[in-house]
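Letter by letter, the chains look like this.
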Amino acid sequence: MDKEKKMEQNEDEISLVDLLVVLLKHWKMIVVVPVVVLAALIGYTFVKPVQKAEEKSETYISLMVNPLIKQFSSFNNLEDFISNIYLKDLDILYASIQEAGITKIGSYELPLKKEEGMYLVKSFFIDGKNLKNQTIQEVDKPFLIENKNGVITITVRFNDKEQSSKFLELITLSVKTKLNELILPIAKKEVGDYERIILEDNKNASTQNLLQIRYSAYSSALQLVKGEQEIIIISNPISVEPPAPSNNSKTILFVAFFAALFFAIFLAFVLEAIENIRKDPEAMAKIRSALKKDSQ
């Protein structure tokens, strides 16, 4: 038993020595192949042109209707009215773009002629289509409106953050002006009607009850008339930068180097096996015999 164990140990030692011999015999190839691959990849990373996609930052602003306004206003869904009417008013959109100094929408330059410029704005901002009449994907739209849970969020995607912020400030200011023109007369009427009832000489129980019920609406309307309340509450514009592209060149170099190293080691053993077969007459005779059979 001891002799068999010693023989097995000797065979293992011999096999390990043979492996080491093969590696030492082909050490130049094992070293050169990974180094050449690594050098080639490093050279490529320095020489290749840097391709930068035109990433547009997103700038958004939020607005919501002052809840006090709804106490006397007859508009139940004022948010829908703002989203679908005022924020899609072509005159407001075009004027805001012009005043913000925006000269490019998507990949198209804003035409100098007003009619052509308004057509471009209508296509991209209102219809959601480019000039080829193709629907623009949500992620590529330069102008987005979201009305959710009473909060309206307006998002724009332009190259210049300052122009984006300026555009959002202008468009929300225009909406605010339109709402004032719409709601302020209603507020004045509510205040006038309430104060006229107060001035009446004969007030019965029903009149007193009416005054009590309408007081909260009157109070809100009066604050708006005096300029103590705003119709809409507007946040400051916020810009979000696109994520920076990940630089994984080091990982690629690391993986490529070790892949080339293992390939070189594998190739060393293949070459050694081929060399051993050539030195073995019996093995060569078998190969020649097999080749002759295939050729027949």
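As shown above, the structure is provided for reference.
Calculation notes
Residues numbered from 1 in each chain as written. Predicted model: local features only at pLDDT ≥ 70, side-chain atom pairs only at ≥ 80, totals over all residues. Heavy atoms only, no water. Pairing = 2+ DSSP bridges. Helix = DSSP H or I, 4+ residues; strand = E, 2+ residues; numbered from the N terminus. Salt bridge = Lys/Arg side-chain N within 4 Å of Asp/Glu carboxyl O. Buried < 20%, exposed > 50% of the residue type's maximum accessible area, 1.4 Å probe, protein only.

(A) Looking closely at the pairing of strand β1 (residues 57-65). Pairing between β1 and strand β5 (residues 151-158): 8 bridges, direction antiparallel. Bridge pairing in β5 links Ser62 to Thr153. For β1 and strand β7 (residues 238-240), the ladder comprises 3 bridges, and the chain directions are antiparallel. From the neighbouring strand, Tyr60 faces β7, where its bridge partner is Ile238. Sheet topology note: the β1/strand β6 (residues 232-234) ladder contains 3 bridges and is antiparallel.

(B) Highlighting unusual backbone geometry. Unusually for a residue other than glycine, Asn133 sits at a positive phi of about 65°. As for its placement among the helices and strands, Asn133 is situated in the loop between α5 (114-127) and β4 (143-148). You will see that Asn149, though not glycine, has its phi angle at about 55°, which is positive. By the secondary structure assignment, Asn149 is in the loop between β4 and β5.

(C) Focus on the pattern of salt bridges. In the structure shown here, the tally under the stated rule is 8 salt bridges. One salt bridge connects Lys70 with Glu79, and the closest N-O pair in it is separated by 2.9 Å. Its relative accessible area of 9% is what places Glu79 among the buried residues. Residues Asp193 and Arg196 are paired through a salt bridge, measuring 2.6 Å at the closest nitrogen-oxygen approach. Here Asp193 pairs with Arg196, and both are found in helix α6 (residues 161-199), just 3 residues apart, close to one helical turn. Members of the salt-bridge network, linked through shared partners, are Lys189, Asp193 and Arg196.

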